[in-house]
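Structural description and commentary
The residues making up each chain are set out below.
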Amino acid sequence: MRKVAVVAAASRQEEKMLDNEVEMMVPLITDVRTQTGLDQTDICFTCSGSSDFLAGQAFSFVMTLDAVGPVPPIAESHVEMDGAWALYETWVKFQMGVIDTALVYSYGKPSPGSLQDVLSTQLDPYYVAPLWPDAHSVAALQARLLLEQGAITPDELADCAVRTGTAENREDYFSQPLLSDPLREADCPTYADGGVALILASEEKADELCDRPAWITGIDHRIDAHHFGARDFTAVPSVRLAAQNAGVHDGPIDSTELHAAYTTHDLLLRKEMGLGIPDTPQRSYPIQADTLMASGLLRIAEAARSIWDGSANRVLAHATAGPILQQNLVCVLEGKEN
Amino acid sequence: MESTERLSAPLVLEYPFTRTTGPVIGAFLTGLREKIVLGIKRHDGTVLVPPTEYDPETSETLTEMVEVAQQGEVTTWTWVQEPRPQSPWDSPHALAMIKLEGADTPMLHAVLADGPEELEVGMKVRIKWREVTEGHIKDIEGFIPIGENND
């Protein structure tokens, strides 16, 4: 395997951003290029993640390429997925041996429309989407099963809400009304507009561009069935497999950056990947500001930041997509080469 | 043209294709029109409802359709106090996963109850059909609790 590292990151999230997608991404892309001293002609490959469904326009990502400056022509690709999957595509490109540097970015701007409506459109078009279940209701169906089976307890949900900053204490949590029975407001995400940009570099280049590169030592993504009935809502086999293939358990994990937009997801992901409740908090929590298409890549950016500032040496970053943790990507970043 | 007049042109968003639902989903939807529910047998003998052409886990081709019952039990539920505008329901209702008798997988639909206190996991419900059915998942108006006042 060719070694690849994250060497620069920039991100921004706000509840309602006035800037459009290009205006949002220009400063972020400029920032990572400045951090590394690269200009666009030095970057071998550019890959982005965003959602046409969110923008309400086909090929909406083409407009956002204005933020990159694709003249003279650049080698570029896009995924209609969270940027974490754009990073995966880029990592594969590194493995092919054809690139040494890459720009990866993703963004989402849900505030002008109804994100709940957009999320409904990802569901089965014949059996589920015509019933327009909102994302919180689907999460609640899963939560009740987890509670009924005793896989999680109400106290664990409360403690998770306190840990992720959506409730002050257990009393505060239990005083909140039910939002989607059995979930309370503190269990569910607040959505935000935002974007994130990263620079990746190969082992030949990374040390020139960064004092302490965050090496990707394992990465894998897996998917569970689309059919609601065929899925066991209380288990996430895909994340278990991805964690195993990414080598999560080959060494100690200093901190975790989970793309958990619900308290139930935080607890379920930890259980499936055999992770304890962390001593060190995440650097940011998707439950406080979840940005469709960017939250997953932001987890990788935050994991890299904790390596750059020396607060961790081996970090797990996780990204998810699809209803209730259907698709999962697990990435292990390390400060020193093994 | 007055210089203050704003230029405009009509934009009609459309989906100019005809989709067919195929031999399995199509059969299920036709079944709904006839007020019956069809599932499909997986290679391990269990019955998937609603049916798909391929096994969602093993990708094996599935062909053997079987009829299942019109009543079953709630495996999990949540309460929707304020239905969204596009929702088929305009009053508060439960969304639930319902496993029909004869099926091994639950399906998503509504339980038409007066309040969340009427709901519990394991409760028995049966289909309430719309008067006019047209081969759509919404031909099922919802599920109603099988109990004292509901025959």
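As shown above, the structure is provided for reference.
Residues numbered from 1 in each chain as written. Chains lettered and ligands numbered in written order. Predicted model: local features only at pLDDT ≥ 70, side-chain atom pairs only at ≥ 80, totals over all residues. Heavy atoms only, no water.

Remarks on the overall build of chain A
Along its length, chain A carries twelve helices and eleven strands. Structurally, chain A occupies a C-alpha span of about 55 × 45 × 35 Å along its principal axes. Across the 338 residues in chain A, those meeting the buried criterion constitute 60%. In chain A, the proportion of contacts linking residues at least 24 apart, taken out of those at least 6 apart, comes to 77%. A total accessible area of about 12,800 Å² is found for chain A, and carbon and sulfur atoms account for 51% of it. Between the averaged position of the 23 positive side-chain charges in chain A and that of its 48 negative side-chain charges there is a distance of 4 Å. (Helix = DSSP H or I, 4+ residues; strand = E, 2+ residues; numbered from the N terminus. Buried < 20%, exposed > 50% of the residue type's maximum accessible area, 1.4 Å probe, protein only. Contact = heavy atoms within 4.5 Å. Areas by Shrake-Rupley, 256 points an atom, 1.4 Å probe, with all protein chains shown as cover. Lys, Arg positive; Asp, Glu negative; His and termini not counted. Charge placed at Lys NZ, Arg CZ, Asp CG, Glu CD.)

Some details on the side chain of R84 of chain B
For R84 of chain B, the location among the structural elements is in the loop between β4 (71-80) and β5 (93-100). For R84 of chain B, a relative accessible area of 16% translates into the label buried. Setting aside residues up to four positions removed in sequence, R84 of chain B forms contacts with Q116, D117, S120, W132, P133 and D134 of chain A.

Brief notes about the environment of D207 of chain A
Among the secondary structure elements, D207 of chain A is positioned in helix α9 (residues 206-209). Sequence separation of D207 of chain A and T101 of chain A is 106 residues, and the distance between their C-alpha atoms is 12 Å.

Remarks on the interface of chain B and chain A
Facing the 36 residues of chain B at the interface are 25 residues of chain A. Each partner contributes to the roughly 2,600 Å² buried at the junction of chain B and chain A, and carbon and sulfur atoms together form 66% of this total. Broken down residue by residue, the surface that chain B buries against chain A is led by R84, Q86 and L108 of chain B, which jointly contribute 24%. Between the two partners, chain B and chain A, sit one salt bridge. Across the pair D117 of chain A and R84 of chain B runs a salt bridge, and its minimum N-O distance is 2.2 Å. Run the count over chain B and chain A and you get ten residue pairs in polar contact (both at pLDDT 80 or more). Among the secondary structure elements, those contributing two or more residues to the side of chain B that touches chain A are α1 (22-33), β4, β5 and β6 (107-111) of chain B. Per-element tally for the side of chain B that touches chain A: the top contributor is β4 of chain B, with six residues. Residues belonging to the side of chain B that touches chain A are distributed by class as follows: 20 nonpolar, eleven polar and five charged. (Buried area = accessible area lost by both parts, 1.4 Å probe. Salt bridge = Lys/Arg side-chain N within 4 Å of Asp/Glu carboxyl O. Polar contact = N/O pair within 3.5 Å; in protein donor to acceptor, adjacent residues only side chain to side chain. Nonpolar A, V, L, I, M, F, W, Y, C, P; charged D, E, K, R; others polar.)

Re the sheet that holds strand β10 (residues 314-321) of chain A
All names here are of chain A. Pairing is mixed across the open sheet formed by nine strands, whose spatial order is β3-β2-β4-β7-β1-β8-β11-β10-β9. The open sheet has two free edges, formed respectively by β3 (76-79) and β9 (255-257), since each of these has just one partner strand. The average angle at which neighbouring strand axes cross in this sheet is 20 degrees, direction not considered. Both strand β8 (residues 214-223) and strand β11 (residues 327-334) contribute to a ladder of eight bridges, which runs antiparallel. Of the residues in β11, the one forming a bridge with D220 is V330. Along the sheet face, helix α10 (residues 237-245) touches β8, β10 and β11 and points at about 150 degrees away from the line of β8. (Pairing = 2+ DSSP bridges. Axes fitted to C-alpha atoms, helices over the stretch in contact; angles between N-to-C directions.)

A closer look at α10 of chain A
Residues and elements named next belong to chain A. Of the positions making up α10, those classed as buried are S238, V239, A242 and A243. The arc that holds every buried residue of α10, seen down its axis, measures 130 degrees, which confines them to one face. Here the buried face of α10 lies against β8, α11 (263-272), β10 and β11. In the stretch just after α10, G247 is the one whose phi turns positive, near 75 degrees. (Arc of directions from axis to C-beta.)

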